[in-house]
Amino acid sequence: MVERFQPQRHVYPRTVRFADIDSQGHVNNVRFLDYLEDARFGMFHIDPYNAGEEPFKGLVVTRHEIDYRRPLGFRADPVRVETWVTEVRAVRFSLQYEIRDDHEVFVTARSVLAAYDVERAGPRRLTEGELSYLKRFS
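Residues numbered from 1 in each chain as written. Predicted model: local features only at pLDDT ≥ 70, side-chain atom pairs only at ≥ 80, totals over all residues. Heavy atoms only, no water.

Draft legend 1. Just the overall build of the chain, in detail. On a plain count of helices and strands, the chain comes out with two helices and six strands. Ordered by position from the N terminus, the helices and strands of the chain form the series β-α-β-β-β-β-β-α. For the chain, whose C-alpha radius of gyration is 16 Å, the value lies close to the compact-globule estimate of 14 Å for 138 residues. Along the first, second and third principal axes, the C-alpha set of the chain runs to 50 × 45 × 30 Å. Sorting the 138 residues of the chain into buried and exposed places 36% on the buried side. When contacts within the chain are restricted to residue pairs at least 6 apart in sequence, those whose partners lie at least 24 apart make up 61%. Of the accessible surface of the chain, which amounts to about 8500 Å², a share of 50% is contributed by carbon and sulfur atoms. Distance between charge centres in the chain, computed from 21 positive and 22 negative side chains, equals 4 Å. (Helix = DSSP H or I, 4+ residues; strand = E, 2+ residues; numbered from the N terminus. Rg over C-alpha atoms; globule rule 2.2 N^0.38 Å. Buried < 20%, exposed > 50% of the residue type's maximum accessible area, 1.4 Å probe, protein only. Contact = heavy atoms within 4.5 Å. Areas by Shrake-Rupley, 256 points an atom, 1.4 Å probe, with all protein chains shown as cover. Lys, Arg positive; Asp, Glu negative; His and termini not counted. Charge placed at Lys NZ, Arg CZ, Asp CG, Glu CD.)

Printed below as a string of structure tokens:
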């Protein structure tokens, strides 16, 4: 029997806001990009800061892919944005996401992010600390 390794997932609870709902009564597809952004901000800025670690500085999204699986309507309980790392290179890395609850997956998505030097206005290499942090989720 081959045992499959399941990477640690970053879990971000996201409340479905009234403003997220469109005229058809479900979360508008564009709003899901906000959900992914909120989860990334938590994963790369808030959580490291709260743990006394250096937050990531200078990341840019170079690609998004989203598959809409099921409509998500207004609800009292938050959904979870679960995120994990699928590929790491010297300058860029890929994330996979699921927006879900305990029973259903509403969205699957993939993003590619690149390390960016704001002062130089160009790409940079990921630091050893950033690479170490990404390994936790890959």
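Draft legend 2. Up close: unusual backbone geometry. Unusually for a residue other than glycine, Ala121 sits at a positive phi of about 55 degrees. Relative to the assigned elements, Ala121 resides in the loop between strand 5 (105–117) and strand 6 (122–123).

Draft legend 3. Representation of the packing of aromatic side chains within the structure. Tallied over the full model, the rule gives seven aromatic pairs. A network of ring pairs unites the aromatic residues Phe44, Phe56, Phe93, Tyr133 and Phe137 as a single cluster. Between Arg9 and the ring centre of Trp84, over which it is positioned, the NZ or CZ distance is 3.7 Å. (Phe/Tyr/Trp six-rings, centres within 6.5 Å; stacked < 30°, edge-to-face > 60°. Lys NZ or Arg CZ within 6 Å of the ring centre and 35° of its normal.)

Draft legend 4. Local environment of the pairing of strand 5. Here nine bridges tie strand 2 (residues 59–68) to strand 5, and the two strands are oriented antiparallel to one another. Along strand 5, the bridge assignment pairs Val61 with Leu113. Relative to strand 5, strand 4 (residues 92–100) runs antiparallel, the two being bridged by nine bridges. Within the sheet, the bridge partner assigned to Leu95 lies in strand 5 and is Ser111. (Pairing = 2+ DSSP bridges.)

Draft legend 5. Structural context of the pattern of salt bridges. Scanning all chains against the criterion turns up 20 salt bridges. Across the pair Arg69 and Asp67 runs a salt bridge whose closest N-O atoms are separated by 4.0 Å. Glu98 serves as the salt-bridge partner of Arg100, at 2.8 Å between the closest nitrogen and oxygen. Here the two residues Arg100 and Glu98 agree in accessibility, since each one is buried. Through salt bridges with shared partners, a single ionic network connects Arg9, Arg80, Glu82, Glu98, Arg100 and Asp102. (Salt bridge = Lys/Arg side-chain N within 4 Å of Asp/Glu carboxyl O.)

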